[in-house]
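Residue strings, one per chain:
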Amino acid sequence: MLVKLLRNGVGGIVQVGDLLTRPAKMKRAPEAQQEVNEACQQLALYQLPRCPFCIKVRRNMHKLNLPIEKRNVHPGSPHRDELQAGGGRVKSPCLRIEENGEVQWMYESNDIIAYLQQRFG
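Please read these numbers as outputs of a predicted model, since none were measured by experiment.

Would you take a moment to explain the nonpolar core for this structure?
Soluble globular proteins tend to bury their nonpolar side chains together. Among the nonpolar cores identified, the biggest contains 18 residues, and Leu 43, Leu 66, Ile 68, Leu 95, Leu 116 and Phe 120 are the most heavily contacted of them. For this core, the secondary structure elements donating two or more residues are α2 (30–40), β1 (43–47), α3 (52–63), β3 (94–99) and α5 (109–120). Broken down by element, this core gets its largest block of residues, five residues, from α5. Residues contacting Leu 66, with those up to four places away along its chain left out, are Arg 28, Val 36, Cys 40, Met 61, Leu 116 and Phe 120. Tyr 46, Val 73, Trp 105 and Tyr 107 belong to the second-largest nonpolar core, a separate cluster that totals seven residues.

Put into structure tokens, the structure is as follows:
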């Protein structure tokens, strides 16, 4: 109980800090941004709003101007069940990547950021 309270408190502080210090979005030509938008429809981020690692990934998504769907995985959420069934475990953040009819589940924040940088940076 105490750990959950501390995690939510610290997460709230980090969340506010993120909002106050958010980096500028990457600028692209309209055609290039449209291609990115379409590619992002194949991605979904399973996350918790106050998780520091999720905030780190969301900051990177904002910086790269990526409109990736965010799915909260709070207890009782249907997205939590999807994450468990598809990825095999409930851990956030997790990026669901669908390419060529196959689905990949990427769990580590640094791996997710590296993937997004390589693909869209």
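That shown, we press on.
Whenever I open this one, α5 confuses me. Can you help?
Within an α-helix, residues lying three or four positions from one another point in the same direction, as the helix has 3.6 residues per turn. With 12 residues, α5 should reach 16 Å at 1.5 Å per residue; the first-to-last C-alpha distance of 16 Å fits that figure. Every buried residue of α5 is listed here: Ser 109, Ile 112, Ile 113, Tyr 115, Leu 116 and Phe 120. Down the axis of α5, the buried side of the element spans an arc of 160°, and every buried residue falls inside it.

In this structure, what is going on with the pairing of β1? I would like to understand it.
For β1, a buried count of five out of five residues is recorded, marking the element as mostly surrounded by other parts of the structure. In this structure, β1 lies alongside strand β2 (residues 69–72), joined through four bridges in parallel fashion. The residue of β2 that forms the bridge with Ala 44 is Glu 69. Viewed along the sheet, the connection from β1 through α3 into β2 turns out right-handed.

Explanation requested: the packing of aromatic side chains in the structure shown.
Aromatic rings in a pair are described by how distant their centres are and how their planes are angled relative to each other. Counted under the stated rule, the structure contains one aromatic pair. With a centroid separation of 5.4 Å and an interplanar angle of 50°, the aromatic rings of Tyr 46 and Trp 105 are classed as tilted. You can see Tyr 46 sitting in strand β1 and its partner Trp 105 sitting in strand β4 (residues 102–106), a full 59 residues away along the chain. The ring of Tyr 107 carries Arg 89 above its face, with NZ or CZ at 4.2 Å from the centroid.

Would you take a moment to explain the environment of Ile 113 for this structure?
Within the secondary structure layout, Ile 113 lies in helix α5. Sequence separation of Ile 113 and Asp 81 is 32 residues, and the distance between their C-alpha atoms is 24 Å. Apart from residues lying up to four places away in sequence, Ile 113 is in contact with Lys 56, Val 57 and Asn 60.

Conventions and cut-offs
- Residues numbered from 1 in each chain as written.
- Predicted model: local features only at pLDDT ≥ 70, side-chain atom pairs only at ≥ 80, totals over all residues.
- Heavy atoms only, no water.
- Core = buried A, V, L, I, M, F, W, Y, C linked by side-chain atoms within 4.5 Å.
- Buried < 20%, exposed > 50% of the residue type's maximum accessible area, 1.4 Å probe, protein only.
- Helix = DSSP H or I, 4+ residues; strand = E, 2+ residues; numbered from the N terminus.
- Contact = heavy atoms within 4.5 Å.
- Expected span 1.5 Å × (residues − 1).
- Arc of directions from axis to C-beta.
- Pairing = 2+ DSSP bridges.
- Right-handed = clockwise from strand over helix to strand, strands pointing away.
- Phe/Tyr/Trp six-rings, centres within 6.5 Å; stacked < 30°, edge-to-face > 60°.
- Lys NZ or Arg CZ within 6 Å of the ring centre and 35° of its normal.

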